[in-house]
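# Examining the three-dimensional arrangement
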Amino acid sequence: MQVDNQVSPGKVPFFCSIRYGISVFLLLCNVIIMSQRVCMSLTMLAMVNSTEPRGSSNTSTKELQDNIKNPVYNWSTEIQGIMLSSIFYGVLISQIPAGYLSGIYSLKKMIGFALLLSSLFTLLLPLAAEFGEIWVIICRVIKGLFQGVTLTTQQVVWIKWAPPLELGRLTSLSLSGLLLGPCIVLLITGLISDSLGWPMVFYIFGACGCALSVLWFILYYEDPKDHPYISIREKEYITSALTQQNGMLSSLPNLFAWILAVLAGYMADIFQTRNTFSLVTIRKLFTLLGLFLPSLFSLCLLYLSSTFYATVIFLILANSTASFAMGGLMINVVDIAPRYYGFLRGITNVIGLTGGLIASTVTGIILSEDAESPWLKIFLLMIANNMISLIFYLIFAKAEVQDWAKERQNTYL
């Protein structure tokens, strides 16, 4: 008779568990990150509420006191826009390196130090504003780098801590902090600015982040089996669940793909709104990222994946970075032919499905006929297809409505 030693999830508490505590902790981490990111959008009203030079001769004593509490700056609307969007450049740049390094270095140190440094640069922002707008931009770009590290690496925590049947609950709870953070900022930033001055907004959110990072270093452990306060029942439940299923690892590419897709769409709109690049350049840029990066990480998978974690990371990056195309070729049809978008989208879907069928067939043939290095040929074939498609797109892509897609009115005599 076979004995089932797996611990039933019904016998293991969820709300009073270490894994639930980690999810709540990451929720708070995301709340702080978003608070540090968004608060300047509100304090900007107080930071530039004067157009007169500071320290003018007719300034009253009360105005001088208010100016010490709420310093004001003569920043143009263009500079303000650059300041507010600069943090996203840091977030964008750090995504891929953070994903790679999370498979090599300690998550405890990466998340802890990234949160700490993001908080320190939040504390430094009022001082940076005194030195000039360029220092504010640099400060926010650097802060965005560390926030991008935190946002990316925290998902890798669940490789060892989330039983497959609880992955949805744990990740959704932690990621909900990204929505709760702006809500908290909107509620309290105005009150803090009015009563204590706008610099205190950055000091409070920065200090909270520093305190949270210290708690992270103290309370978080990389593996359930090493945690000193976890119950034996919960430890056995997590380890047995992860031993019997690798489903969570299979879901990570989709999770990262979703994050990058949202980021790509948002950044494309930011570039267009700020007139950073022309529309056709934006489409080509995100198409380049969406086709080149998967090819690059596929090569890394073939030649640099010497360990299990390196293989997992490169697989995730190779699949998820294709989402950058969401800001490029995936919506380019709307630019060139909005009148026929539904029809053209249907055609491209048919072509895509046909390509999927052909790829599956070719893969099966290669696997059956080549016993030595079939996956090398399959990956190289995929990379070649991506590069040919990318070159074709970069040469011929347009972003303005084409003549054949414009509305025409018939004139009758």
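Coordinates for the structure precede this section.
Residues numbered from 1 in each chain as written. Predicted model: local features only at pLDDT ≥ 70, side-chain atom pairs only at ≥ 80, totals over all residues. Heavy atoms only, no water.

Looking now at the overall build of the protein. When you go through the protein residue by residue, the secondary structure sums to 16 helices and 0 strands. A total of 413 residues make up the protein; the buried ones form 43% of that total. For the protein, the share of sequence-separated contacts (at least 6 apart) that also reach a separation of at least 24 residues comes to 81%. When the accessible surface of the protein is summed, it comes to about 21,900 Å², and 67% of that surface belongs to carbon and sulfur atoms. (Helix = DSSP H or I, 4+ residues; strand = E, 2+ residues; numbered from the N terminus. Buried < 20%, exposed > 50% of the residue type's maximum accessible area, 1.4 Å probe, protein only. Contact = heavy atoms within 4.5 Å. Areas by Shrake-Rupley, 256 points an atom, 1.4 Å probe, with all protein chains shown as cover.)

As a further point, take the nonpolar core. I22, V157, W158, W161, W216 and Y220 are the most contacted members of the largest nonpolar core, which totals 28 residues. Among the secondary structure elements, those contributing two or more residues to this core are α1 (18-47), α4 (107-131), α6 (158-161), α7 (167-175), α9 (199-219), α11 (247-273) and α13 (308-320). Residue contributions to this core peak at 6 residues, all from α1. Residues F88, L260, F286 and A318 belong to the second largest nonpolar core, which totals 23 residues. (Core = buried A, V, L, I, M, F, W, Y, C linked by side-chain atoms within 4.5 Å.)

This part takes up empty space enclosed by the protein. Taken as a whole, this structure holds 2 cavities of 30 Å³ or more when the rule is applied. Contributing to the lining of the largest cavity are Q95, I96, T152, F256, L260, L317 and T321. Elements with a minimum of two residues in the lining of the largest cavity: α3 (77-101) and α11. Among the residues forming the lining of the largest cavity, the class breakdown is 4 nonpolar, 3 polar and no charged. (1 Å grid on protein atoms, 1.4 Å probe; cavity = no way out; pocket = protein on both sides within 12 Å on 5 of 7 lines; lining within 4 Å. Points joined across faces, edges and corners; volume = space filled by probe spheres on them. Nonpolar A, V, L, I, M, F, W, Y, C, P; charged D, E, K, R; others polar.)

With that settled, the discussion passes to helix α8 (residues 177-196). Along α8, the helix axis deviates most sharply at I188, where the bend reaches about 35°. Of the positions making up α8, those classed as buried are G177, G181, V185, T189, I192 and S193. As for α8, its buried residues are in contact with α1, α7 and α9. (Bend = angle between axes of the 7 residues up to and from the residue.)

A volume near 1,600 Å³ is recorded for the largest pocket. Lining the largest pocket are 42 residues, with L291, L329, N385, N386 and S389 sitting closest to its centre. Within the residue set of the lining of the largest pocket, elements represented by two or more residues are α12 (279-303), α13, α14 (329-336), α15 (341-369) and α16 (374-396). At 13 residues, the largest contribution of residues to the lining of the largest pocket is made by α15.

Another aspect to go through is the packing of aromatic side chains. This model, assessed by the stated rule, comprises 14 aromatic pairs. Both rings, one in W216 and one in Y220, keep their centres 4.2 Å apart while their planes meet at 10°; by these two values the pair is stacked. Take Y220: its relative accessible area is 3%, and that puts it in the buried class. Relative to F396, the ring of F392 lies with its centre 4.8 Å away and its plane at 45°, an arrangement referred to as tilted. Linking F392 with F396, this pair stays in helix α16, spanning 4 residues, or about one helical turn. Across this residue pair, the class does not change: F392 and F396 are exposed. Members of the aromatic cluster, connected to one another through ring pairs, are Y73, W75, W198 and F202. Over the ring of Y221 we find K108; its NZ or CZ atom is 4.8 Å from the centre of that ring. (Phe/Tyr/Trp six-rings, centres within 6.5 Å; stacked < 30°, edge-to-face > 60°. Lys NZ or Arg CZ within 6 Å of the ring centre and 35° of its normal.)

Another aspect to go through is the environment of L260. With respect to the helices and strands, the residue L260 is situated in helix α11. When its relative accessible area of 5% is taken as the criterion, L260 is described as buried. On a C-alpha basis, the gap between L260 and Q95 in space is 8.7 Å, while along the polypeptide they are 165 residues apart. Apart from residues lying up to four places away in sequence, L260 is in contact with Q95, S320, T321, S323 and F324.

Our next topic: the packing of α12 against α16. Direction vectors running N to C along α12 and α16 enclose 165°, while the axes themselves pass 10 Å from each other. By the angle between their axes, α12 is roughly antiparallel relative to α16. The way α12 lies across α16 gives a crossing that is left-handed. Classifying every residue of the contact of α12 with α16 by side-chain character gives 18 nonpolar, 5 polar and 2 charged. (Axes fitted to C-alpha atoms, helices over the stretch in contact; angles between N-to-C directions. Parallel < 35°, antiparallel > 145°, perpendicular 65-115°, else oblique. Left-handed = near helix turned anticlockwise from the far one by under 90°.)

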